[in-house]
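The primary structure of each chain is shown beneath.
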Amino acid sequence: MFDFDEVINTRRSIREYQDRDVGDDLILKILKAGMQAPGSRLGCEPWEFIVIKNKETLSCLGEIKPRVKNAPVAIVLVANIKRAFYKTVWQQDMSAAAENMLLEAVNLGLGGLWNGVAPDEEKMVNVAEIIGIDDIADLKPFCIITVGYPAKGWQNKFMDKFDEGRIHYEKY
Ligand SMILES: Cc1cc2nc3c(=O)[nH]c(=O)nc-3n(C[C@H](O)[C@H](O)[C@H](O)COP(=O)(O)O)c2cc1C
């Protein structure tokens, strides 16, 4: 466990992982962090999660999102629109969950990557098919979070992304 400042300042996109299993206890913590995210309506959060460790499935997903292929685990975030109260803001809801998950991965000594899927319809349909969803009208694959122990040369570390020029006080 790290302190909050360290987690938020050192998180990096980790795209390659060691060939080492990520324990189910850690995965559960990451899922719990995702579900602690703010949502557009309390109790109507659209998020659902498909946890994938099966190498064949990871390889199939890797045809769509290459970085998934060699990850020890991938979590597909799916927005279930039927659960949502505000039907049009599911991408915001899902983004909040995704970021929480990435931060929790860092907190657990892991690396993570946001593999974008939505709003690319073709990618959404292809991912859906692999995970057993036959219609994306109500079940929308949003992104794939891969996590794992960072491979050599990849690590969470501070990079200064602060830009004072983006800040405006009182008026633009
Ligand atoms: C909406 C979104 C989609 C992304 N999709 C991908 C992706 O498909 N593949 C990838 O390698 N990185 C992806 N990323 C990660 C970004 O490339 C990364 O966050 C950015 O380069 C900044 O680096 P950092 O995360 O280390 O700060 C995505 C990030 C976001 C927020």
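If you're wondering where the values come from, they're calculated on a predicted model, not measured in any experiment.

Caption draft 1: View of the sheet that holds strand β3 (residues 111-116). Across the sheet, which stays open at both edges, the 4 strands sit in the order β1-β2-β4-β3 with antiparallel pairing between neighbours. The sheet terminates laterally at β1 (47-52) and β3, the two strands that pair on one side only. In this sheet, neighbouring strand axes are inclined to one another by 25 degrees on average, regardless of whether the strands run parallel or antiparallel. Bridging between strand β2 (residues 73-80) and strand β4 (residues 139-148) involves 8 bridges; their strand directions are antiparallel. Note that in β4 the partner of Val78 across the bridge is Pro141. Against the sheet, helix α4 (residues 90-107) contacts β1, β2, β3 and β4, and its axis sits at roughly 10 degrees relative to β4.

Caption draft 2: Inspection of the site of the ligand at higher detail. Around the ligand, the surrounding shell consists of Arg12, Ser13, Arg15, Lys65, Arg67, Leu113, Trp114, Asn115 and Gly116. Along the lines of polarity and charge, the residues of the shell around the ligand split into 2 nonpolar, 3 polar and 4 charged.

Caption draft 3: How the structure looks around the packing of helix α2 (residues 24-35) against α4. Following both chains from N to C, one finds α2 and α4 inclined at 145 degrees, their axes separated by 7 Å at the closest point. Our pair here, α2 against α4, has a crossing hand that is right-handed. From α2, Lys29, Ile30, Ala33, Gly34 and Met35 reach across to α4, where they touch Ala97, Asn100, Met101, Leu103, Glu104 and Ala105. Looking at side-chain class alone, the contact of α2 with α4 contains 7 nonpolar, 2 polar and 2 charged residues.

The rules behind the values
- Residues numbered from 1 in each chain as written.
- Predicted model: local features only at pLDDT ≥ 70, side-chain atom pairs only at ≥ 80, totals over all residues.
- Pairing = 2+ DSSP bridges.
- Helix = DSSP H or I, 4+ residues; strand = E, 2+ residues; numbered from the N terminus.
- Axes fitted to C-alpha atoms, helices over the stretch in contact; angles between N-to-C directions.
- Contact = placed C-beta atoms within 7 Å.
- Near = placed C-beta within 6 Å.
- Nonpolar A, V, L, I, M, F, W, Y, C, P; charged D, E, K, R; others polar.
- Left-handed = near helix turned anticlockwise from the far one by under 90°.

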